[in-house]
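Commentary on secondary and tertiary structure
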Amino acid sequence: MEGLMEDDEFKILPEGCVSSILSFTSPQDACKSSLVSTIFQSAADSDIVWERFLPVDYEDIVSKSNVRFKFSSKKELFLHLCNSLLIDGGRKSFRIEKSSGKKSFILSARDLQITWSNDPLYWHWASLPESRFSEVAVLRTVSWLEIAGKIKTQMLSPNTKYGAYLILKISERSYGLDSMPSEISVEGGNSQGSTTTAYLRLAREHARKQQMERLFYGNRMEMLKSRVVEGDGRVPSERDDGWLEIELGEFFEW
Amino acid sequence: MSSSTDSPTLTTETTQLSPQPDTETAKPTKKITLKSSDNQIFEVEESVAMEFATVKSFFEDSPSTDTVPLPNVTAKPLSQVIEFCKEQIKFKANPDEAQKKKYNAEFVTEKSDKDLVDMIPVANYLEIKDLLDVLNQAVADRIENKSVEYVRSFFGIDNDFTAEEEAALRREHAWAYEGVDED
């Protein structure tokens, strides 16, 4: 009799208790837990769990989207928001990171401050099929390249280490962009904003170009390099979506 | 071994301890009796029992009773829950967030997986919100990034899916099974 009770004790963990436990885990752990048992499956699908994983201001974010969509559960909404969603009249793209539930944003070129971008002599605005945004800024030629982006930190997930990236493409015909390193930095409310450098060139051409530069214009390269801060001279890496990205820096959002 | 000089001091100490029973009667507190499903009796101070929302409402409905039966609760998790609530009463009298955090962390760290899992339905039934949060977080931390098989054995649960159901679920959440820790 005693033995029977011992055994039963474990099995009576009610679904509500399982939901509460799972709401303290991560989206990834909750999805994985569906496979534990039928009780875990219905607990792992419950709104109690996914309400906790959604950003606190998800209703506000969803209301900023032009697209109206229906969802039958909080889990369905969460998974929907893991795909990019255009907000703020198409000027920003929002997405939830699936495994952690953290928020990420992409600012469109229209949401960035690009020096002289309104002067058609230097920049023009175009619509590219491969862009998530309706317009991108295309550089013609310029003697001053300066791009800045701002985001309110309260829009971001708390207690999270964020990375800031510049997403770009470098056309085949481009020249001079990488004749010297560009200064890059991230500044935040509580981060010092250390500056480093990047070469706006394709990673696969980096080694060959560096060798050429050393051979033919070593002195000139050194002279140009001395005009900017010392940095690691990083190069963009390729993203899954066909664009390039450069990490500008990291910051911690409390 | 042979130090005869030690024994006199020992005897004086024991005589000093003798008037102890008086201190009990000096501070009378109302006691409430809780009875677990395995018929064990727990005498707790009223303030501790009132931490249990379920017991509190039981008394509000029938104030004359002195023994509260807890048919869903066995002795071991109940004694641990009482231990936790006694400490919380002290923190209520003397709020010290840092100490409380430290105590709560130690309380769960020293418990076995089974102890934690057994306490959850008890804390849930007795509606002790603070303890539930502490327990849920502790269990969540222990199953974080673990395999499905690990979680099953952690909770002592059998797989009740058919092979087809399991395969379908694995397909649905394929991304979630990547990169789990070794058991």
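Residues numbered from 1 in each chain as written. Chains lettered and ligands numbered in written order. Predicted model: local features only at pLDDT ≥ 70, side-chain atom pairs only at ≥ 80, totals over all residues. Heavy atoms only, no water.

Let's talk about the overall build of chain A
Counting its secondary structure elements, chain A contains eight helices and twelve strands. Taking 18 Å as the expected radius of gyration for a compact globule of 254 residues, we find that chain A reaches 24 Å, considerably beyond that expectation. The C-alpha extent of chain A, read off along each of the three principal axes, is 90 × 40 × 35 Å. When each of the 254 residues of chain A is scored for burial, the buried share is 39%. In chain A, of all internal contacts separated by at least 6 residues, the share reaching a separation of at least 24 is 55%. Of note, chain A has its 32 positive side-chain charges centred 8 Å away from the centre of its 37 negative side-chain charges. (Helix = DSSP H or I, 4+ residues; strand = E, 2+ residues; numbered from the N terminus. Rg over C-alpha atoms; globule rule 2.2 N^0.38 Å. Buried < 20%, exposed > 50% of the residue type's maximum accessible area, 1.4 Å probe, protein only. Contact = heavy atoms within 4.5 Å. Lys, Arg positive; Asp, Glu negative; His and termini not counted. Charge placed at Lys NZ, Arg CZ, Asp CG, Glu CD.)

Here we look at the pairing of strand 3 (residues 67–70) of chain B
Residues and elements named next belong to chain B. Across the two faces of strand 3 the burial differs, with Val-68 and Leu-70 buried and Thr-67 and Pro-69 not buried at all. One ladder, built from four bridges, connects strand 1 (residues 31–36) with strand 3; its direction is parallel. Bridging from a neighbouring strand, Thr-33 pairs with Thr-67 of strand 3. (Pairing = 2+ DSSP bridges.)

Structural notes on the pattern of salt bridges
For side chains bearing opposite charge, pairing can occur when the charged atoms are close. For the structure shown, the criterion picks out 29 salt bridges over all chains. Across the salt bridge formed by A:Arg91 and A:Asp111, the nearest N and O atoms sit 3.1 Å from each other. Taken together, the residues A:Arg91 in the loop between strand 1 (85–87) and strand 2 (92–96) and A:Asp111 in the loop between strand 3 (103–107) and strand 4 (113–114) connect sequence positions 20 residues apart. The partly exposed category is assigned to A:Arg91, whose relative accessible area is 37%. In this structure, B:Asp115 and B:Lys76 form a salt bridge, with 3.0 Å as the shortest nitrogen-oxygen distance. Here B:Lys76 lies in helix 5 (residues 75–93) and B:Asp115 lies in helix 7 (residues 113–125), a separation of 39 residues in the sequence. (Salt bridge = Lys/Arg side-chain N within 4 Å of Asp/Glu carboxyl O.)

Quick notes on the interface of chain B and chain A
At the interface, 37 residues of chain B touch 27 residues of chain A. Counting each side, the surface lost to burial between chain B and chain A is near 3,100 Å², with a carbon and sulfur contribution of 68%. Applying the counting criterion to the chain B and chain A interface returns one salt bridge. Across the salt bridge formed by A:Lys75 and B:Glu172, the nearest N and O atoms sit 4.0 Å from each other. Elements with a minimum of two residues in the side of chain B that touches chain A: helix 7, helix 8 (129–143), helix 9 (148–155) and helix 10 (163–172) of chain B. Counted by class, the side of chain B that touches chain A contains 16 nonpolar, nine polar and twelve charged residues. (Buried area = accessible area lost by both parts, 1.4 Å probe. Nonpolar A, V, L, I, M, F, W, Y, C, P; charged D, E, K, R; others polar.)

Details of the packing of aromatic side chains
In total, this model carries 13 aromatic pairs over all chains according to the counting rule given. With a centroid separation of 6.2 Å and an interplanar angle of 55°, the aromatic rings of B:Phe91 and B:Tyr103 are classed as tilted. Placement of B:Phe91 in helix 5 and of B:Tyr103 in helix 6 (residues 97–109) is noted, with a sequence separation of twelve residues between them. Like B:Phe91, the residue B:Tyr103 is buried in the burial classification. Of note, A:Arg110 hangs over the ring of A:Trp125, and the distance from its end group to the ring centre comes to 3.7 Å. One residue, B:Arg170, lies across the ring of B:Tyr177, its end atom 5.0 Å from the ring centre. (Phe/Tyr/Trp six-rings, centres within 6.5 Å; stacked < 30°, edge-to-face > 60°. Lys NZ or Arg CZ within 6 Å of the ring centre and 35° of its normal.)

Digging into the side chain of B:Gln88
Checked against the element boundaries, B:Gln88 lands in helix 5. Not counting residues up to four positions away in its chain, the partners in contact with B:Gln88 are B:Glu51, B:Lys100, B:Tyr103 and B:Asn104.

Remarks on the UniProt feature "domain: F-box" (unreviewed entry) in chain A
Mapped onto this numbering, the UniProt entry annotates "domain: F-box" (unreviewed entry) at residues 13–53 of chain A. In the segment residues 13–53 of chain A, helix accounts for 73% and strand for 0%; the C-alpha atoms at its two ends are 22 Å apart. (UniProt positions renumbered as here; feature names shortened; annotations may be inferred.)

So, a negative patch on the surface
All names here are of chain B. A grouping of Asp-141, Glu-144, Asp-181, Glu-182 and Asp-183 is seen on the molecular surface, where their side chains present a negatively charged patch. Mapped onto the elements, Asp-141 comes out in helix 8. Residue Asp-141 is classed as partly exposed on the basis of its relative accessible area, which comes to 44%. (Patch = residues over 30% accessible without salt bridge, like charges linked within 9 Å, V, L, I, M, F, W, Y side chains within 5 Å. Areas by Shrake-Rupley, 256 points an atom, 1.4 Å probe, with all protein chains shown as cover.)

So, the UniProt feature "domain: SKP1 component POZ" (unreviewed entry) in chain B
Per the UniProt entry, the sites bearing "domain: SKP1 component POZ" (unreviewed entry) are residues 30–87 of chain B in this numbering. Secondary structure content for residues 30–87 of chain B is 45% helix and 26% strand, and the end C-alpha separation is 18 Å.

With respect to the packing of helix 6 of chain B against helix 8 of chain B
Residues and elements named next belong to chain B. At a minimum axis separation of 10 Å, helix 6 and helix 8 run at an interaxial angle of 55°. As far as their axial angle goes, helix 8 and helix 6 are oblique. Once helix 6 is placed against helix 8, the crossing between them reads as right-handed. Contact residues: helix 6 offers Lys-100, Asn-104, Phe-107, Val-108 and Thr-109, while helix 8 offers Asp-130, Leu-131, Val-134, Leu-135, Ala-138 and Arg-142. Considered class by class, the residues forming the contact of helix 6 with helix 8 number six nonpolar, two polar and three charged. (Axes fitted to C-alpha atoms, helices over the stretch in contact; angles between N-to-C directions. Parallel < 35°, antiparallel > 145°, perpendicular 65-115°, else oblique. Left-handed = near helix turned anticlockwise from the far one by under 90°.)

Concerning unusual backbone geometry
Even without being a glycine, A:Asn159 presents a positive backbone phi close to 50°. With respect to the helices and strands, A:Asn159 occurs in the loop between strand 7 (147–148) and strand 8 (160–168). For B:Asn145, which is not glycine, the phi dihedral falls at a positive 60°. By relative accessible area, which is 22% here, B:Asn145 ends up partly exposed.

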